[in-house]
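Chain residues, written in single-letter form:
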Amino acid sequence: MVPVYYWLPALGCMGMGFMFLNVSAVAEQFRSLFSLNYAGLGVFLSAPFWAHTLVQVPAGLVVDRLGTLRTLALSALLCAAGGFVPLLLPHNMVLAVCMRMLIGLATGLLFLSMVSAVKTLCPPAFMSRAQGLQGAAFSLGTMVPFIVLPYFGESGWAAAYILGGLMSVALLASLLCPPLAPLRRETRTEPASAGNVLRVLGQVARNRRLWFIGCCHGFSFGTITALGNWLSVMLADSASSGAVAGSSNAEAWALPTSLVLLAGTMARIAGGELGRALPKQKLLVALVLGIGLFYLLLALAGSTWMLLACAFALAVCCGGTYASVFTLTIEAAGASHTATGIGFMSMLANCVNVGLILLLGVVREYLGGFAPALALSSVCVLLLLLWGRSINWKCREE
């Protein structure tokens with residue numbers, strides 16, 4: 001029997017990954033449904049990430065106050081509402097955006113409550129494995145829409161909503177299982193004073209290492225989600241201007257996009273093993289350098305297949321950073337501020353993530369291609385690494 005500390009975070013994180021990119025897999029259908037241009041589509045696709053960004057730090061306080069199990073139940077209910085409610089008025093853009101933002105808020109709660117559940121349920125000897133499976137399950141969830149939704153044809157947009165809602169219902173039902181008894185016995189903490197919360201946030205916000213790690217995570221996690229949102233359009237654009245017959249439709253590239261996301265999934269597992277053998281800070285810097293270089297190669301790619309090959313390499317570099325990012329965050333924040341440090345780092349990462357999604361959409365709409373945005377992203381990554389060289393990793397105050 002699979003232990004609960006493996007299957008529960010895997011179920012929750014797979015659903016979270018699905019809900020992040022279920023709309024992206026049938027983006028052209030949503031663009032037609034709401035009569036959007038590519039800039040408008042970029043805003044729609046980024047909606048959950050804006051909300052996800054804002055809730056990162058407060059989510060830790062909510063988990064501490066409500067307890068892990070109640071927060072899991074609340075987040076599952078909100079995700080289910082975000083999946084089913086838009087079907088009531090499918091052409092209402094305002095309702096769709098509000099529900100996507102609701103999913104962003106709910107997944108912010110879901111992520112931190114999953115981290116808390118693993119900490120409570122998992123024996124220390126299996127903690128790193130459980131965290132690795134949690135990260136891989138999220139990446140696997142981002143693949144599923146690109147594999148499944150094309151089979152629904154023109155009804156793919158409706159299936160995206162329904163399947164996301166059903167996955168949330170499945171998570172809610174799983175909370176009734178007996179192995180979750182330790183979470184039911186968990187004691188809730190009293191809310192901290194506003195002054196103490198501000199003091200802790202101030203200490204975390206002055207930590208330069210957390211800023212660096214958060215931006216690195218933004219260009220790794222953010223690149224994976226940006227590829228999920230835009231890679232099929234990139235490939236379709238390249239194919240329409242080249243000699244790849246019958247592949248100018250973005251949905252025709254859903255399977256290759258899912259395989260790129262699979263490469264990122266496997267790299268998360270491999271990155272955890274590499275982190276045990278190599279210094280994590282050096283490993284993170286090397287992989288982020290690879291992200292910057294492959295962004296540049298994507299911008300310069302002269303053929304569809306070269307573009308796809310560079311996307312695979314970029315996804316591998318992004319996935320490989322996952323374990324190092326969270327281990328270094330815990331070290332940088334210290335034991336007393338771990339939850340706040342992770343929330344702050346994730347907030348920074350999601351800001352970069354939203355910026356990448358919007359940048360690619362706006363540049364595609366008004367400049368007719370993605371190359372300028374990819375080149376600019378490469379420059380930003382390299383400037384980040386240059387700034388990171390000034391950080392003293394042995395000093396706690398950094």
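Residues numbered from 1 in each chain as written. Predicted model: local features only at pLDDT ≥ 70, side-chain atom pairs only at ≥ 80, totals over all residues. Heavy atoms only, no water.

Participant: What is the right way to read the confidence of the model for the protein from this model?
Facilitator: Predicted coordinates in areas of low pLDDT are best not read in detail. This prediction gives the protein a mean pLDDT of 85; 89% of its residues lie at or above 70. Across the protein, helix 16 (residues 371-388) holds the top mean pLDDT of 95, while helix 8 (residues 181-184) sits lowest at 67. Counted against residues more than four places away or in other chains, residues 243-247, with its pLDDT under 50, gives eight contacts. (pLDDT = per-residue confidence, 0-100. Helix = DSSP H or I, 4+ residues; strand = E, 2+ residues; numbered from the N terminus. Contact = heavy atoms within 4.5 Å.)

Participant: It is not clear to me how the nonpolar core should be interpreted in this structure. Could you clarify?
Facilitator: Within soluble globular proteins, side chains that are nonpolar tend to cluster in buried spots. Residues Leu8, Phe30 and Trp230 are the most contacted members of the largest nonpolar core, which totals 113 residues. Tallying contributions element by element places helix 10 (residues 208-241) first for this core, with 16 residues. (Core = buried A, V, L, I, M, F, W, Y, C linked by side-chain atoms within 4.5 Å. Buried < 20%, exposed > 50% of the residue type's maximum accessible area, 1.4 Å probe, protein only.)

Participant: Which parts of the structure should I look at to understand the packing of helix 1 (residues 4-25) against helix 5 (residues 93-121)?
Facilitator: Relative orientation and spacing of two packed helices are given, respectively, by the angle between their axes and the distance between those axes. Running from amino to carboxyl end, helix 1 crosses helix 5 at an angle of 165°, the nearest separation of the two axes being 10 Å. As summarised for this structure, helix 1 and helix 5 are arranged roughly antiparallel, according to the angle between their axes. The element helix 1 and its partner helix 5 pack so that their crossing is left-handed. Here Val4, Tyr5, Leu8, Pro9, Gly12, Met16, Met19, Phe20, Asn22 and Val23 of helix 1 lie close against helix 5, whose contacting residues are Arg100, Ile103, Thr107, Leu110, Phe111, Met114, Ala117, Val118 and Leu121. Among the residues making up the contact of helix 1 with helix 5, the classes are represented as 15 nonpolar, three polar and one charged. (Axes fitted to C-alpha atoms, helices over the stretch in contact; angles between N-to-C directions. Parallel < 35°, antiparallel > 145°, perpendicular 65-115°, else oblique. Left-handed = near helix turned anticlockwise from the far one by under 90°. Nonpolar A, V, L, I, M, F, W, Y, C, P; charged D, E, K, R; others polar.)

Participant: Explain the pattern of salt bridges to me, please; I cannot follow it from the model alone.
Facilitator: Side chains that carry opposite charge are capable of pairing whenever their charged atoms lie near each other. In this structure the tally under the stated criterion is two salt bridges. Among the ionic pairs, arginine 31 bridges to glutamate 28, the shortest N-O distance being 3.2 Å. Taken together, the positions of arginine 31 and glutamate 28, both in helix 2 (residues 27-34) and three residues apart, correspond to about one turn of that helix. With relative accessibility at 22%, the residue arginine 31 sits in the partly exposed group. (Salt bridge = Lys/Arg side-chain N within 4 Å of Asp/Glu carboxyl O.)

Participant: Help me understand the environment of glycine 214 in this model?
Facilitator: Tracing the chain through its elements places glycine 214 in helix 10. According to the relative accessible area criterion, glycine 214 is buried, its value standing at 0%. Sequence separation between glycine 214 and isoleucine 342 is 128 residues, and the spatial gap between their C-alpha atoms is 8.9 Å. When sequence neighbours within four positions are dropped, the list of residues in contact with glycine 214 reads Met345, Leu348 and Ala349.

Participant: Is there a simple way to think about unusual backbone geometry in this case?
Facilitator: Among all residues save glycine, negative phi is the norm, and among peptide bonds the norm is trans. Located in the positive-phi region is serine 35, a residue other than glycine, with phi close to 55°. Examined against the element boundaries, serine 35 turns out to sit in the loop between helix 2 and helix 3 (38-66). In this structure serine 35 comes out as exposed when scored by relative accessible area, which is 66%.

Participant: Which parts of the structure should I look at to understand helix 16?
Facilitator: A turn of α-helix holds 3.6 residues, and therefore any two residues three or four places apart point the same way. With 18 residues, helix 16 should cover 26 Å at 1.5 Å per step; its first-to-last C-alpha distance of 26 Å lies within 8% of that length. Restricting attention to buried positions, one finds in helix 16 the residues Ala373, Leu374, Ser377, Ser378, Val381, Leu384, Leu385 and Gly388. Burial along helix 16 is one-sided: seen end-on, the buried residues are contained in an arc of 145°. The exposed set on the far side of helix 16, more than 90 degrees from its buried face, consists of Leu383 and Leu386. (Expected span 1.5 Å × (residues − 1). Arc of directions from axis to C-beta.)

Participant: Which parts of the structure should I look at to understand the side chain of threonine 321?
Facilitator: By the element assignment, threonine 321 lies in the loop between helix 13 (304-320) and helix 14 (322-333). One polar contact links threonine 321 to serine 220, side chain to side chain, over a distance of 3.1 Å. (Polar contact = N/O pair within 3.5 Å; in protein donor to acceptor, adjacent residues only side chain to side chain.)

Participant: What am I meant to see in helix 5 here?
Facilitator: Taking 1.5 Å as the rise per residue, helix 5 with 29 residues should run 42 Å; its terminal C-alpha atoms sit 41 Å apart, in good agreement. Between a side-chain oxygen at the N-terminus of helix 5 and the backbone nitrogen of valine 94 the separation is 3.1 Å; the capping residue is asparagine 92.

Participant: Which parts of the structure should I look at to understand the side chain of threonine 304?
Facilitator: Mapped onto the elements, threonine 304 comes out in helix 13. The exposure class of threonine 304 is buried, given its relative accessible area of 5%.

Participant: Whenever I open this one, the environment of alanine 301 confuses me. Can you help?
Facilitator: Tracing the chain through its elements places alanine 301 in the loop between helix 12 (280-300) and helix 13. A relative accessible area of 22% means that alanine 301 is categorised as partly exposed. It is 8.8 Å that separates the C-alpha atoms of alanine 301 and alanine 371, two residues lying 70 residues apart in sequence. Ignoring any residue separated from it by four or fewer positions in sequence, one finds alanine 301 in contact with Met306 and Leu307.

Participant: Got a minute to help me understand the environment of leucine 171 in this structure?
Facilitator: Positionally, leucine 171 belongs in helix 7 (residues 156-174). When its relative accessible area of 4% is taken as the criterion, leucine 171 is described as buried. Contact partners of leucine 171, with chain neighbours within four places excluded, come to Leu8, Leu11, Gly12, Ala76, Leu110 and Met114.

Participant: How should a nonpolar patch on the surface be read in this particular structure?
Facilitator: Taken together, the side chains of Ile147, Tyr151, Phe152, Leu255, Leu259, Leu262, Met266 and Ile269 define a hydrophobic patch exposed on the protein surface, amounting to about 790 Å² of accessible area. Per-element tally for the nonpolar patch: the top contributor is helix 11 (residues 254-277), with five residues. In this structure, methionine 266 sits in helix 11. (Patch = residues over 30% accessible without salt bridge, like charges linked within 9 Å, V, L, I, M, F, W, Y side chains within 5 Å. Areas by Shrake-Rupley, 256 points an atom, 1.4 Å probe, with all protein chains shown as cover.)

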